[in-house]
Structures are given as C-alpha cells and as structure tokens.
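A structural walkthrough
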Amino acid sequence: MKKLLFLVAALISGLSFAQVTFNPGIRAGANFSHFSNSEEFNYYYLEEFPNAAEPYLDYKTKTDFYIGFTGNIRFAKFYALQPEINYSRQGAKISTNVNNWDGKTLSVSYLGLQLINKFYFNQFNVHVGPTLEFVVDKKNFDPENEIDLGITAGLGYDITKNFGIEARVKKGFIPVDSYNRNHSNVVFQTGLYYTFNLKK
C-alpha cells in the first residue's frame, strides 16, 4: 500500500512540476461512415410491404471528409488533453429490395466537440475521449435526433515533431435513423494532423 501511495505521489509531483504547454493544430482526412445494422430492422417492412419476398435493408459505407481544429494541452511528456472542434460529413448508403431506395445515399453533417486524451509512446500516440456532435446539414432523410453523443478512439504517428498521421473510430450512442431506434453512427477516420510548435 505504501509503495502504491508513493507511486501516485511521484506521478502527481511529476505532473505538477512539468512545463504545461498549449499548441493549436489542425486535422483533416477521410470519413468512412455507416449506420449500425440490426436483424430486427431487416424485417421491419414485412407488415408495410406484405408482398415483398424477404425484404431487407442494409446500411453500407459512405465516403466523405472531416476537418477540424485542435488545442493540445501538454501536461507531461507522455500525456496531453486535446479539445477539438470538428466538421464531419457522415451518413450511409442503402442496399435494399424495398421500394426504389437501393443505392440511395443518406447524408448528415455534424459540428462536433471532442475532448481527446492523448498518451504518447515515443512517436506513437493513443487517443480516446467523448464526442458531442450537432447536426448542421442533412440530405435525403431526417435524423431521429439533432445531436449525437459517442466515444472515439484511435492511434497516431508523429512523422515529424509537428506533422503526423492518424486513424480513429467513432461509435455513436444516440439513435440516428427515425425508422428504427437501433441504428447509430459508426465512423472510421483516417487523415493527417499538424500541431504548431509542439514541444516534446
């Protein structure tokens, strides 16, 4: 127990005397998004379209982009808290034999706030944190909710002390499709980031 308390005290002391820095940055890249599927939804149209043979509706990947601004608050060599403001174009493509919806693209754009915890391991970094997004544009459908609350996690690699590549996955928790409450946003992101004058 004493050893544990000593380690905690040493960690707090190290963080207290570390030089805290703040550095702004930008990030941008590609979104690969879809809505989560469920078996229940695939048979939802049996009542509405009784003559359809085994009706199905699946959500396929839609490719788009994201761009954002970051503020890297570096508390220690191994840890930074990074608030972000991101614009993200998401949605899905429909694959179905119901009506004439096959191939239809559903688009929804969000302005989001992220609070990312970044853990550094030499040139690599791991990031995880909550995300809160607000609908700012939509096309071909009306989302069930005007906000999305989720979690994002990913990896980054510093090519230089300022410039790097990243990959993230975001999973939303709030239903997005008004037809069924089991569908939420799933987004894979890959792109680049640049942090101005980041001190190692």
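Before going into details, it helps to say that this report is about the structure given with it. (Residues numbered from 1 in each chain as written. Predicted model: local features only at pLDDT ≥ 70, side-chain atom pairs only at ≥ 80, totals over all residues. Heavy atoms only, no water.)

This paragraph deals with the pattern of salt bridges. In the structure shown here, the tally under the stated rule is 9 salt bridges. The salt bridge partner of Arg-168 is Glu-166, with a shortest N-O separation of 4.0 Å. Judged on exposure class, the residue Arg-168 and its partner Glu-166 are both buried. When salt bridges with common partners are traced through the structure, they connect Arg-27, Glu-84, Glu-166 and Arg-168 into a single cluster. (Salt bridge = Lys/Arg side-chain N within 4 Å of Asp/Glu carboxyl O. Buried < 20%, exposed > 50% of the residue type's maximum accessible area, 1.4 Å probe, protein only.)

Quick look at the side chain of Ser-33 now. Looking at the element boundaries, Ser-33 is found in strand E1 (residues 21-35). Here Gly-91 takes part through its backbone oxygen, which lies 3.0 Å from a polar atom of the side chain of Ser-33. Among all residues touching Ser-33, those that are not within four sequence positions of it are Lys-60, Thr-61, Lys-62, Gln-90, Gly-91, Ala-92, Val-186 and Val-187. (Helix = DSSP H or I, 4+ residues; strand = E, 2+ residues; numbered from the N terminus. Polar contact = N/O pair within 3.5 Å; in protein donor to acceptor, adjacent residues only side chain to side chain. Contact = heavy atoms within 4.5 Å.)

Inspection of every chain in the model, using the stated rule, returns 7 aromatic pairs. Judged by centre distance (5.4 Å) and plane angle (45°), the ring pair of Tyr-79 and Phe-119 falls under tilted. In this pair, Tyr-79 is assigned in strand E4 (residues 79-96) and Phe-119 in strand E5 (residues 105-121), connecting sequence segments 40 residues apart. Taking relative accessible area as the criterion, Phe-119 reaches 33% and is therefore assigned partly exposed. Through successive ring pairs, a cluster of aromatic residues spans Phe-75, Tyr-79 and Phe-119. A cation over an aromatic ring shows up here: Arg-74 above the ring of Tyr-120, its NZ or CZ 3.7 Å from the ring centre. Between Lys-170 and the ring centre of Tyr-110, over which it is positioned, the NZ or CZ distance is 5.3 Å. (Phe/Tyr/Trp six-rings, centres within 6.5 Å; stacked < 30°, edge-to-face > 60°. Lys NZ or Arg CZ within 6 Å of the ring centre and 35° of its normal.)

Structurally, the position occupied by Gly-29 is in strand E1. What makes Gly-29 partly exposed here is its relative accessible area of 22%. Placed 162 residues apart in sequence, Gly-29 and Gly-191 show a C-alpha to C-alpha distance of 3.8 Å. Those residues in contact with Gly-29 that lie beyond four places of it in its chain are Asp-64, Phe-65, Tyr-66, Thr-190 and Gly-191.

What follows concerns empty space enclosed by the protein. Tallied over the entire structure, the rule returns 3 cavities of 30 Å³ or more. Volume-wise, the largest cavity comes out at about 110 Å³. For the largest cavity, the full set of lining residues is Arg-27, Asn-86, Ser-88, Gln-90, Gln-114, Thr-131, Glu-133, Thr-152, Arg-168, Lys-170, Val-187 and Gln-189. For the lining of the largest cavity, the class distribution of residues is 1 nonpolar, 7 polar and 4 charged. (1 Å grid on protein atoms, 1.4 Å probe; cavity = no way out; pocket = protein on both sides within 12 Å on 5 of 7 lines; lining within 4 Å. Points joined across faces, edges and corners; volume = space filled by probe spheres on them. Nonpolar A, V, L, I, M, F, W, Y, C, P; charged D, E, K, R; others polar.)

Both E1 and strand E9 (residues 185-195) contribute to a ladder of 11 bridges, which runs antiparallel. Each bridged residue has a counterpart across the sheet, and for Arg-27 the counterpart in E9 is Tyr-193. Pairing geometry for strand E8 (residues 163-172) and E9, over 9 bridges, is antiparallel. Across the sheet, Phe-163 pairs through a bridge with Tyr-194, a residue of E9. (Pairing = 2+ DSSP bridges.)

By themselves, these figures tell us nothing about what the structure is for.
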